[in-house]
Amino acid sequence: MSGSTLIMVALAGIFLLLFLVIRTKLHAFVALLLVSLLVGIAAGMPLNEVITSIQNGMGGTLGFVAVVVGLGAMFGKMLEVSGGAERLAATMISKFGEDKAQWALGVTGFIVAIPVFFDVGFIILVPIVYGLARKTGKSLLHYGIPLLAGLAVTHSFIPPTPGPIAVAELVGAELGWVILFGVLAGIPAMILAGPVFGRFIGNKIHVAIPDYMELEQKEYDKDLPSFGMITSLILIPLVLILLNTLSGVLLDEGNTVREILTFLGHPFVALTIATLLTFYLLGTKRGYSRQEVQDIATKALEPAGIIILVTGAGGVFKQVLIDSGVGDVLGEMMGDSALPPIVLAFLIATAVRVAQGSATVAMVTAAGLITPLLEMVGMTGPALGLIVIAIASGATVLSHVNDSGFWLVNRYFGMDVKDTLKSWTVMETIIGLTGFVVVLIISFFI
């Protein structure tokens, strides 16, 4: 089959995927599997090889992703149930002072969203935003946008959140580099989209607490876990994973210290250690029975299961593109482009994000399409970490009416669609563009 025909097959597959997700509302997991099947058949693969590709793609991806996302979800659920997120917010606001509450909320969101899903972190912490707005008479956006920016940045950029985990596995990037570049890109993105933009938009649009929301502010009791314990638990897996990556760069192969750090810093081991510590320190030690801890952990896997399956289906799509030969042709076509891979990765993720709304689908689709080019040009090491953040940045920009996050913020802040576009959509776009600019600059030195 000619290269031009294979390109047409790939394009038809992408358009069909978007049609199924947007117009027919078919679940992304089923849509990705169906399109993978049809692309394999249309590309002329023998039928038994199409099935083999699907098995290999799903198994190869989930062997890593399922373990990391599953452990991360249980770790985050224990933090949520124990009141750890509230403790972080209360301590930050008391340390920064109410006059710098924007910065406190931005930093709190940045830390909380590492283990806790974005929407859960927002729902837990939004009463604090209501309380500050009621006390000062300022717009909800003055405090809400910094919190949202902090949550959104780490949700998109820093493992063990599912998005960057999925992309890292699909493109073959080390999580240590992803964490490092995610932090480097995330801090300026949080500052610009959070306190800076929050102050500006809070003065432009006055948003009051909606009548239909519960107005009672939580009183923080002494039974909440300590600030030091919560920050330590969140940092343990991140530091171990980073030490693993750095030891691979700084220490010789065969070095005993490197071998130990490589083992402890593997995401499986690092997250298992962190999760077991949360079970004990935030669960058993704080009066939860073993059965209650088990029930909390089981509950955490419900939302994680959907993300795991969609990511696995993204792995299937990638594998079919590679095995059918479509990936090679796509890689050559993108390789002939004047644009560097990091820019192409950002643009592909942006296009899919704007078209269908889901950041996760945008990430796995972009990763599947860009991987053949990365293999062709032999991109490895830190460069792959930059590609992950570029894809995450593209999948963050221009959130609008087809994104569930848009409506979550719209409902909790009681805004109309126009004001949600002016605040939430602009904030997300600032995050994505800032993250992309940072990794693009870093790419010139790597």
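Summarised in this report is the structure supplied together with it. (Residues numbered from 1 in each chain as written. Predicted model: local features only at pLDDT ≥ 70, side-chain atom pairs only at ≥ 80, totals over all residues. Heavy atoms only, no water.)

### Regarding the overall build of the protein
Then comes step 1: The helix and strand tally for the protein stands at 19 helices and zero strands.
Then comes step 2: The C-alpha radius of gyration of the protein comes to 22 Å, within 12% of the 22 Å expected for a compact globule of 446 residues.
Then comes step 3: In terms of overall dimensions, the protein has C-alpha extents of about 70 × 55 × 45 Å along its principal axes.
Then comes step 4: For the protein, the proportion of its 446 residues judged to be buried stands at 57%.
Then comes step 5: Taking all contacts inside the protein whose residues are at least 6 apart in sequence as the whole, residues at least 24 apart take part in 81%. (Helix = DSSP H or I, 4+ residues; strand = E, 2+ residues; numbered from the N terminus. Rg over C-alpha atoms; globule rule 2.2 N^0.38 Å. Buried < 20%, exposed > 50% of the residue type's maximum accessible area, 1.4 Å probe, protein only. Contact = heavy atoms within 4.5 Å.)

### Overview of the packing of aromatic side chains
Then comes step 1: Evaluated as defined, the whole model comprises eight aromatic pairs.
Then comes step 2: Relative to phenylalanine 181, the ring of tryptophan 177 lies with its centre 5.8 Å away and its plane at 15°, an arrangement referred to as stacked. Note that tryptophan 177 and phenylalanine 181 are positioned in helix α9 (residues 175-204) at a spacing of four residues, about one turn of the helix.
Then comes step 3: The buried category is assigned to tryptophan 177, whose relative accessible area is 14%.
Then comes step 4: Here phenylalanine 181 falls in the buried class, since its relative accessible area comes to 4%.
Then comes step 5: Where phenylalanine 406 meets tryptophan 407, the ring centres are 5.0 Å apart and the plane angle is 75°; that geometry is what we call edge-to-face. (Phe/Tyr/Trp six-rings, centres within 6.5 Å; stacked < 30°, edge-to-face > 60°.)

### Considerations on the pattern of salt bridges
Then comes step 1: This structure, assessed with the given rule, holds three salt bridges.
Then comes step 2: Notably, a salt bridge pairs glutamate 80 with lysine 77, separated by 3.5 Å at the nearest N-O pair. Taken together, the residues span about one helical turn, with glutamate 80 and lysine 77 both in helix α3 (residues 47-82) at a distance of three residues.
Then comes step 3: A relative accessible area of 21% places glutamate 80 in the partly exposed class.
Then comes step 4: Two residues, arginine 353 and glutamate 428, come together in a salt bridge whose shortest N-O distance is 3.2 Å. Pair noted here: arginine 353 is in helix α15 (residues 341-356) and glutamate 428 is in helix α19 (residues 417-443), with a separation of 75 residues, a long-range link. (Salt bridge = Lys/Arg side-chain N within 4 Å of Asp/Glu carboxyl O.)

### Considerations on the nonpolar core
Then comes step 1: Residues Ile370, Ile391, Phe413 and Met427 are the most contacted members of the largest nonpolar core, which totals 159 residues.
Then comes step 2: Here this core gets 14 residues from one element, more than from any other, and that element is α3.
Then comes step 3: For isoleucine 391, the contacting residues outside a window of four places in its chain are Val167, Ala345, Ala349, Met363, Ala366, Ala367 and Ile370. (Core = buried A, V, L, I, M, F, W, Y, C linked by side-chain atoms within 4.5 Å.)

### Details of unusual backbone geometry
Then comes step 1: Here the amide bond leading from proline 159 into proline 160 is cis, since omega sits at 10°, within 30 degrees of zero.
Then comes step 2: Phi is positive for lysine 25, which is not a glycine, with a value near 60°.
Then comes step 3: Residue placement: lysine 25 occurs in the loop between α1 (3-22) and α2 (28-42).
Then comes step 4: Positive phi, close to 55°, is recorded for leucine 398, a residue that is not glycine.

By themselves these figures say nothing about function.
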